[in-house]
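Listed here are the chains, written in short residue letters.
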Amino acid sequence: MIASAQTASAASSQSEDAFSRARVRGSLVVGVPYLAPEPAAGAKVRTPERLDTVMADRLGQQLGLPVKVVQVDPARRLSALADGEVDVLIADRVADPGAAKRSGDLQAAASSAMSSTQSAESSLNPATSDGAGSTAISTGYAARPKAIIRSDTKLRHWPDVKGLTVCMASAAFQAQALATQWGATVRPYRVPSDALVAVREGGCDVGLIDDLAWAPLMKFPEWKKFSSTLNEAGPRVERVWLVAANDRATTAWLTDAMQQWRREGVVRGMVDKWARDVAFDVYLDQEVPDCHG
């Protein structure tokens, strides 16, 4: 009888959905592939590269729970879900990494050569289930790197960056891989505003941010003379939630929640705010006039 009770208890624990477990714990634990380090004492607080923490906080608000965000190595994401170390994960997914190579598109194929972190995060199958213990639900965020260049330069195509300095945030994994593939000198910075300041002051030839954020950033008058860009290259990388494959309740709840996000333009609002915040960071940080006036 005791053994049977213990077996039933274990089965109940394994079948418990993630959000019920989070409510019992009193907090939602979200795993992310990269967590920006806390700034040193007295250092300036600046907008991080990814929206992962913003998305996690928004999810926590909808659930009425405080949120704890933890960095999880991509190689451990399935075990972290299975063990209940995290309730849900945020990951990146390339819809079809082989499509560019099959189509013969060199530029698109080049950007699929990602860093180890990015490639591990992108190994999910485009189907709902990755077939290896987790289910993916799209957040509605999908982007590729886009260049920020002075409007008075002749740079227009990716082959033009060979030998030039291309700058981005250290968490912009796909941007780093793309610039490296085209023979650029890659210079990562702690936060995106640092990279963009370097572009404005002439320390970098090209800056890279996600294309979703490029348009709202370029709406600011001070970015008009930095509104040139390069041709599109590479597949879009989609941000997804990962849930344990057998957790149907959490999958259903998140699927409905993400449909609501799309109806209400939640992600668009996050991106627009990110662009405003980064523009203000650059305004605060730029110490010399723009290169060439």
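Everything that follows concerns the structure shown earlier in this document.
These numbers were taken from a predicted model, which means no experiment stands behind them.

Observations regarding the overall build of the chain
Inference 1: Scanning the chain from terminus to terminus reveals 12 helices and 9 strands.
Inference 2: When the 293 residues of the chain are sorted by exposure, 48% land in the buried category.
Inference 3: Carbon together with sulfur atoms contributes 53% to the accessible area of the chain, which is approximately 13800 Å² in total.

Remarks on the environment of A91
Inference 1: By the secondary structure assignment, A91 is in strand β3 (residues 88–94).
Inference 2: Between the C-alpha atom of A91 and that of I137, which follows or precedes it by 46 residues, the distance is 10.0 Å.

A short note on the pairing of strand β1 (residues 28–32)
Inference 1: Burial analysis of β1 places 5 of its 5 residues in the buried class, which makes it a mostly covered element.
Inference 2: Side-chain alternation along β1 places L28, V30 and V32 on one buried face and V29 and G31 on a second face that is also buried.
Inference 3: Note: β1 against strand β2 (residues 67–71), 5 bridges, orientation parallel. Bridge pairing in β2 places V30 opposite V69.
Inference 4: Crossover handedness for the path β1 to helix α3 (residues 52–63) to β2: right-handed.

Thresholds applied
Residues numbered from 1 in each chain as written. Predicted model: local features only at pLDDT ≥ 70, side-chain atom pairs only at ≥ 80, totals over all residues. Heavy atoms only, no water. Helix = DSSP H or I, 4+ residues; strand = E, 2+ residues; numbered from the N terminus. Buried < 20%, exposed > 50% of the residue type's maximum accessible area, 1.4 Å probe, protein only. Areas by Shrake-Rupley, 256 points an atom, 1.4 Å probe, with all protein chains shown as cover. Pairing = 2+ DSSP bridges. Right-handed = clockwise from strand over helix to strand, strands pointing away.

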